[in-house]
Amino acid sequence: MSELSIERKRLRCLKFNEPLPTTKAGLKNHVLFAAKSLLSKREVIHPSAKPLPTFMKGTQLYSRSDVWICDTREGWLSRGRGIPTEETPAKLVTPPPKLRLHQSQCQLFGLWQTHEIVAPSLINGRLPINKYGNIELLYGLSPPNGTVHIKDRHGARTAAKNLKLEHASVVVEFDCFGGKFTPKINGVVVHIKDEAVLLKEIQRLEDIRIRKEKDKKFARVIKRWETLVKGLVIRDKLRRDELN
């Protein structure tokens with residue numbers, strides 16, 4: 001038996017030799033026992049858990065292994081897991097201060113209420129967009145068969161609109177700012193048959209953008225030269241006036 005295995009076995013023995021706590025403070029983070037009234041904001045007892053036939057000063061105890069960590073819909077979504085719309089929250093808590101103006105309660109869900117988000121499929125040949133008109137390819141999910149994800153290209157959406165192609169902006173992950181999750185967009189999804197013409201249009205728009213930037217830069221340089229020349233002319237005139 002390796003030293004690591006021996007150490008793990010020793011730790012397990014220490015864990016299960018923990019005595020029954022005699023105070024609520026000792027119960028709060030106990031490795032074996034838990035009480036509903038002492039759970040943290042995001043902790044919940046699993047619905048299938050059965051209470052232990054043990055009480056501590058009138059407090060019903062549960063096994064610590066029945067305590068699960070919950071998260072919001074957005075939080076689970078950021079980890080590639082979805083929740084059915086009709087699912088009842090496992091817990092309702094007071095939202096963070098920054099969100100209290102927008103919602104009175106924060107809905108939390110357990111892992112058992114979630115499902116792994118799988119790559120979407122075309123619906124009758126159409127892109128499977130959400131209610132916001134986007135397609136979600138979270139954390140490396142592949143686009144639907146028969147489509148391609150054009151990412152990291154400036155102006156991809158504008159190019160698709162110009163060509164009137166069926167397309168959808170792609171949500172690749174969610175960023176959290178001030179307790180609120182915001183979708184991060186990267187590129188568009190289009191049908192494979194439209195990829196070549198879209199890339200050509202993207203390049204055309206990029207060439208126009210670069211040319212405009214060069215024109216603006218050139219115009220700024222000319223403006224500076226004009227200002228400099230005017231200043232030199234005025235200075236020269238003033239000097240001649242002084243000599244006269």
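Quantities reported herein were computed from a predicted structural model and do not represent experimental measurements. (Residues numbered from 1 in each chain as written. Predicted model: local features only at pLDDT ≥ 70, side-chain atom pairs only at ≥ 80, totals over all residues. Heavy atoms only, no water.)

K.L.:
Teacher, can you tell me more about the overall build of the chain here?
P.N.:
Regarding its fold elements, the chain presents five helices and 14 strands. A burial count over the chain gives 31% of its 244 residues as buried. In the chain, 59% of the contacts between residues at least 6 apart in sequence involve partners at least 24 apart. (Helix = DSSP H or I, 4+ residues; strand = E, 2+ residues; numbered from the N terminus. Buried < 20%, exposed > 50% of the residue type's maximum accessible area, 1.4 Å probe, protein only. Contact = heavy atoms within 4.5 Å.)

K.L.:
Which parts of the structure should I look at to understand unusual backbone geometry?
P.N.:
A negative phi angle characterises most non-glycine residues, just as the trans form characterises most peptide bonds. The phi torsion at N124 lies on the positive side, around 55°, for a residue other than glycine. Tracing the backbone shows N124 in the loop between β10 (115-116) and β11 (134-136). The exposure class assigned to N124 is exposed, which follows from its relative accessible area of 79%. Of note in the backbone geometry, K164 takes a positive phi value of approximately 55° without being a glycine. With respect to the helices and strands, the residue K164 is situated in the loop between α4 (156-162) and β13 (167-177).

K.L.:
How should I be thinking about the nonpolar core in this particular structure?
P.N.:
Across soluble globular proteins, nonpolar side chains show a tendency to be buried alongside one another. Core analysis: the biggest nonpolar cluster contains eleven residues, these being V148, I150, A156, A159, A160, L165, V188, V190, L198, I202 and L205. Listed by contribution, the elements that provide at least two residues to this core are β12 (147-150), α4, β14 (180-191) and α5 (195-243). Apart from the residues within four sequence positions on either side, V188 is in contact with V148, H149, I150, A156, R157, H167, A168, S169, V170 and L198. Counting seven residues, the second-largest nonpolar core is a separate cluster that includes I135, A168, V170 and V189. (Core = buried A, V, L, I, M, F, W, Y, C linked by side-chain atoms within 4.5 Å.)

K.L.:
What should I look at first to understand the confidence of the model for the chain in this one?
P.N.:
Predicted coordinates in areas of low pLDDT are best not read in detail. Mean pLDDT over the chain works out to 82, with 84% of the residues at or above the 70 mark. Least confident of the elements in the chain is helix α1 (residues 3-16), whose mean pLDDT is 46; most confident is β12, at 93. (pLDDT = per-residue confidence, 0-100.)

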